[in-house]
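Topology and contacts: notes
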Amino acid sequence: MSPGSPSSTARSRAGSGRPTVQPPAGAERLLSGVGANGTPVDLADHLDRWGPVPTWQGTAFLAELDTSGLRGHGGAWFPVGTKWRSVRKAGLRSPVVVANGAEGEPASGKDRVLVHQLPHLVLDGAVLAATSVGAGQVYVHVPSAAVPAVTRAIEERRRANLDPCAIEVVVAPDRFLAGQETAAVATIIGRKPATPTFVGLKPIREQGVGGRPTLVQNVESLAHAALIARFGAEWFRKVGTSESPGTVLLTVTGRWAEPRIVEAPLGVPLGEILQLGLGDARSFQGVLLGGYGGGWVTPHEALAMPLTEEAARQYGSSIGAGVVALLPTNVCPLSEVSRVVTYLEGEGAGQCGPCVNGLAVLANAMGQLAYKPNALRGGVAAIPTLCGLVEGRGACRHPDGVARFVRTALRVYGDHAALHLQRGPCHTSAQPFLPIPRTARRQGAR
Amino acid sequence: MKRPRFTLVLNPIACDGHGVCAELLPECIRLDPWGFPIIESGDIPVELLDHAERAAASCPRMALTLVKQTS
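Residues numbered from 1 in each chain as written. Chains lettered and ligands numbered in written order. Predicted model: local features only at pLDDT ≥ 70, side-chain atom pairs only at ≥ 80, totals over all residues. Heavy atoms only, no water.

Focus on the overall build of chain B
Rules: Secondary structure is summarised from DSSP: a helix means a run of H or I of at least four residues, a strand means a run of E of at least two, and numbering begins at the N terminus for each. Restricting the calculation to C-alpha atoms gives the radius of gyration, and the globule rule supplies 2.2 Å times the number of residues raised to the power 0.38. Only protein chains enter the accessibility calculation, which uses a 1.4 Å probe; a residue whose area is less than 20% of its type maximum is buried, one above 50% is exposed, and one in between is partly exposed. Throughout, a contact is declared for two residues whenever any of their heavy atoms are within 4.5 Å. Under the convention used here, a 1.4 Å probe and the Shrake-Rupley method define accessible areas, while residue burial counts only the protein chains that appear.
A count of helical and extended segments in chain B gives 2 helices and 4 strands. Here the C-alpha radius of gyration of chain B, 12 Å, is about what a compact globule of 71 residues would show, namely 11 Å. Referenced to the eigenvectors of the C-alpha coordinate spread, the extents of chain B come out at roughly 40 × 20 × 20 Å. Within chain B, buried positions represent 39% of all 71 residues. Taking the contacts inside chain B whose residues are at least 6 apart along the sequence as the reference set, 59% of them involve residues at least 24 apart. Approximately 4,400 Å² of chain B is accessible, and the part contributed by carbon and sulfur atoms is 52%.

Structural notes on the overall build of chain A
Selection criterion: Charge assignment: positive for Lys and Arg, negative for Asp and Glu; neither His nor the chain ends contribute. Charge positions are represented by NZ for Lys, CZ for Arg, CG for Asp and CD for Glu.
The helix and strand tally for chain A stands at 16 helices and 9 strands. Seen through its principal axes, chain A has C-alpha atoms that stretch 75 × 50 × 35 Å. Split into buried and exposed, the 446 residues of chain A put 56% on the buried side. For chain A, contacts bridging at least 24 residues in sequence account for 73% of all contacts bridging at least 6. Total accessible area on chain A stands at roughly 18,100 Å², and carbon and sulfur atoms take up 51% of it. Treating the 43 positive side-chain charges of chain A as one cloud and the 33 negative ones as another, the clouds have centres 5 Å apart.

Considerations on the pairing of strand 3 (residues 166-172) of chain A
All names here are of chain A. Note the cut-off: For two strands to be treated as a pair, DSSP must find at least two bridges joining them. Classification remark: right-handed applies to a crossover when, strands pointing away from the viewer, the course from the first strand over the helix to the second runs clockwise.
Two strands pair when backbone bridges link them, and strand 2 (residues 137-143) and strand 3 are joined in this way by 7 bridges, in the parallel orientation. Across the sheet, Tyr 139 pairs through a bridge with Glu 168, a residue of strand 3. Running through helix 6 (residues 147-159), the crossover from strand 2 to the neighbouring parallel element strand 3 is right-handed.

Section: the confidence of the model for chain B
Residue and element names in this part refer to chain B. How we decide: Per-residue confidence from the predictor is reported as pLDDT, which spans 0 to 100.
In the predicted model, chain B carries a mean pLDDT of 94, and the fraction of residues at 70 or more is 97%. Mean pLDDT across the elements of chain B bottoms out in strand 4 (residues 64-68) (95) and peaks in strand 2 (residues 29-31) (98). Across the assembled chains, the prediction reports ipTM 0.95 with pTM 0.93.

Things to note about the interface of chain B and chain A
In many reports, interface size means the accessible area that the parts give up when they come together. This is how it is decided: Here the buried area means the combined drop in accessible surface, using a 1.4 Å probe, for two parts upon being joined, counting both sides. Take a side-chain nitrogen of Lys or Arg and a carboxyl oxygen of Asp or Glu: if they are within 4 Å of each other, that pair is a salt bridge. Contacts described as polar in this section are N or O atom pairs within 3.5 Å, which, within protein, must combine one atom able to donate a hydrogen with one able to accept it, while residues neighboring in sequence count only if both atoms come from side chains.
In this complex, chain B contributes 12 residues to the contact, which on the side of chain A involves 15 residues. In total, chain B and chain A occlude about 1,100 Å² of area from one another, counting both sides; carbon and sulfur atoms represent 76% of this. The interface formed by chain B and chain A includes 1 salt bridge. Among the ionic pairs, B:Asp32 bridges to A:Arg393, the shortest N-O distance being 2.9 Å. Inspection of the region where chain B meets chain A yields 3 residue pairs in polar contact (both at pLDDT 80 or more). Within the residue set of the side of chain B that touches chain A, elements represented by two or more residues are strand 1 (6-10) and strand 3 (37-39) of chain B.

Some remarks on the sheet that holds strand 2 of chain A
All names here are of chain A. Note the threshold: A fitted line through C-alpha atoms represents every axis, and for helices the fit uses only the stretch in contact; the resulting angles, taken between N-to-C directions, go from 0 to 180 degrees.
The sheet built from 4 strands is open, its strands ordered 3-2-1-4 with parallel pairing. Looking at which strands have only one partner, the edges of the open sheet turn out to be strand 3 and strand 4 (214-218). For this sheet the average axis-to-axis angle between neighbouring strands, irrespective of direction, equals 20 degrees. One ladder, built from 5 bridges, connects strand 1 (residues 96-100) with strand 4; its direction is parallel. By the bridge assignment for strand 4, Val 98 is matched with Val 216. Strand contacts of helix 8 (residues 219-236): strand 1 and strand 4, with the helix running at about 90 degrees to strand 4, the strand carrying the most contacts.

A few points about the environment of A:Gln422
Within the element layout of this structure, A:Gln422 appears in helix 16 (residues 414-423). Between the C-alpha atoms of A:Gln422 and A:Pro373, which are 49 residues apart in sequence, the distance is 8.6 Å.

Comments concerning the side chain of B:Asp32
Examined against the element boundaries, B:Asp32 turns out to sit in the loop between strand 2 and strand 3. On the accessibility criterion, B:Asp32 (6% relative accessible area) is buried. From its side chain, B:Asp32 meets the backbone nitrogen of B:Trp34 in a polar contact 2.8 Å long. When near neighbours in sequence (up to four residues on either side) are disregarded, B:Asp32 contacts A:Pro354, A:Leu389, A:Arg393 and B:Ile38.

Regarding the pattern of salt bridges
Close approach of charged atoms lets side chains of opposite charge pair. Residues and elements named next belong to chain A. Scanning all chains against the criterion turns up 18 salt bridges over all chains. In this structure, the salt-bridge partner of Asp 124 is Arg 157, at a minimum N-O distance of 2.8 Å. Here Asp 124, found in helix 5 (residues 119-133), pairs with Arg 157, found in helix 6; they are 33 residues apart in sequence, far enough to count as distant. For the residue pair Asp 124 and Arg 157, the accessibility class agrees, reading buried in each case. In this structure, Arg 411 engages Glu 301 in a salt bridge whose closest nitrogen and oxygen atoms are separated by 2.8 Å.

A few points about the sheet that holds strand 6 (residues 260-265) of chain A
Either a parallel or an antiparallel arrangement is found when strands of a sheet pair, and the pairing is made through backbone hydrogen bonds. Residue and element names in this part refer to chain A. One open sheet accounts for 5 strands, arranged 6-5-9-7-8; its pairing is mixed. Each having just a single partner strand, strand 6 and strand 8 (295-297) make up the two edges of the open sheet. Pairs of neighbouring strands in the sheet enclose a mean axial angle of 30 degrees, with direction left out of account. Both strand 7 (residues 286-289) and strand 8 contribute to a ladder of 3 bridges, which runs antiparallel. Counterpart to Leu 288 in the pairing with strand 8 is Trp 296.

Comments concerning the pairing of strand 6 of chain A
Residue and element names in this part refer to chain A. As judged from the 6 bridges shared by strand 5 (residues 247-253) and strand 6, these two strands associate in the antiparallel manner. Counted as the bridge partner of Leu 250 is Val 262 from strand 6. Linking two consecutive strands that pair antiparallel, namely strand 5 and strand 6, is a turn of 6 residues; a positive phi of about 90 degrees is found at Gly 254 within it.

What about helix 4 (residues 110-117) of chain A?
Burial runs high along helix 4 of chain A: 6 of the 8 residues are buried. Those residues of helix 4 of chain A that sit buried are A:Lys110, A:Asp111, A:Val113, A:Leu114, A:Val115 and A:Gln117.

Description of the packing of helix 14 (residues 382-390) of chain A against helix 15 (residues 398-412) of chain A
Residues and elements named next belong to chain A. So the rule is basically this: Convention used here: angles under 35 degrees read as roughly parallel, angles over 145 as roughly antiparallel, angles from 65 to 115 as roughly perpendicular, and any remaining angle as oblique. In a left-handed crossing the near helix is turned counterclockwise from the far helix by less than a right angle, and in a right-handed crossing that turn is clockwise. Ten residues, namely Ala, Val, Leu, Ile, Met, Phe, Trp, Tyr, Cys and Pro, are considered nonpolar, four, namely Asp, Glu, Lys and Arg, are considered charged, and the remaining ones, Gly among them, are considered polar.
Direction vectors running N to C along helix 14 and helix 15 enclose 160 degrees, while the axes themselves pass 9 Å from each other. With respect to helix 15, the element helix 14 is oriented roughly antiparallel. Both helix 14 and helix 15 take part in a crossing whose hand is left-handed. For the pair helix 14 and helix 15, the contacting residues are Ile 383, Pro 384, Cys 387, Gly 388 and Val 390 in the first and Pro 399, Ala 403, Val 406, Arg 407 and Leu 410 in the second. Of the residues that constitute the contact of helix 14 with helix 15, the class distribution is 8 nonpolar, 1 polar and 1 charged.

Here it is as structure tokens:
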């Protein structure tokens, strides 16, 4: 499997160190390192598979990151090199790095795979980030279930004296908003409740944990960075498009019997990844991209579109955290949407007036559209107006995400909504499809 | 010399919808159905700067700030 072990002495030609390990050639890059049976890859196996991280002098790795074109895989798709530079330049005090694996999106499972099975790849990336931005402290922000695997990995590294910085695990609460960056900072400093804060004119990257410049980076982005450090930007760009190079981890639900974590090159048609042709468009009702903060596209759009953030945004959606959920034909899409909007309303932090009031009204309206369409005052047309009343008006982007979920649902399921208004709600006994965590404050279904 | 530009920035967590700001600066601030301010995007017109300053200063929650744009 692995083409050969690197010599025990770390090779460290500055800026251009290439280990003896061969880079993965196919579309499976991160996942090619997953061990048999999904057991966590320990430090010895990790070094055997990937070799050590070469040493990069000064800001050489930041330049390499810029060249690689790596973008953030937590949802925002912001250029990673630009973000790291802004943290490095942000102030005189030494920054802090947060490896964010909170993954509050109920339909997403890719960060879980990384922190449970490939913790050392994530930690390599986090330590690289720390050395690149001048941080002495790394926090690994993960749900409680991932703590044992991450703690074990940190211990192994401490014993091997591998890293020049301190690494600490912080437990992310099981909440939808846990991974939001100001909420992550709140968790790390122990603020209760650990809800998003208003950053005003000073973003987290300038003033976060303890007032220090803080880099909050998704664990998948860090794992990609760890491979770029080993194999270089040129290798990274061998797959993907010029604006969206590399691969992405997707959580695909509704295509196969069980949800699957799939790694795919950016830019390839989504239909190809799903192994479906345009003729299969009738086998599902729509596709949710990104997650509950993402948006819906029609089956045809989904099968034909290239997998890039730009293509998704053309439909008012987003690749977000990499969720691809195919809605089966036996459920009522409006009842699915209603369940999720009710869940999202309950997951709000309850801090901003427009979000507290607006999401309650929005959840109610979507519930009426799904179950009591005659009670919906103002008809379907009233719903986008409600969306407009919450968009851009919270301290965080939670209301914007809910509005995107609703607006795209109305576009994709507009005909279905018209049917509800004409004939009344669907009567289906099908199991609900989209997952709602058991820890949710309120039950999504009525 | 370029004239400085000002905008109003609202902290939506601090704001609890007193509505004083909308009374003092109706040209730029209206209230949503629940009484929370909706602030017109863009710069505050020069002739309204005094009123904007008063609106910010009068917020009982100190949720509204008049900010000088740096660019």
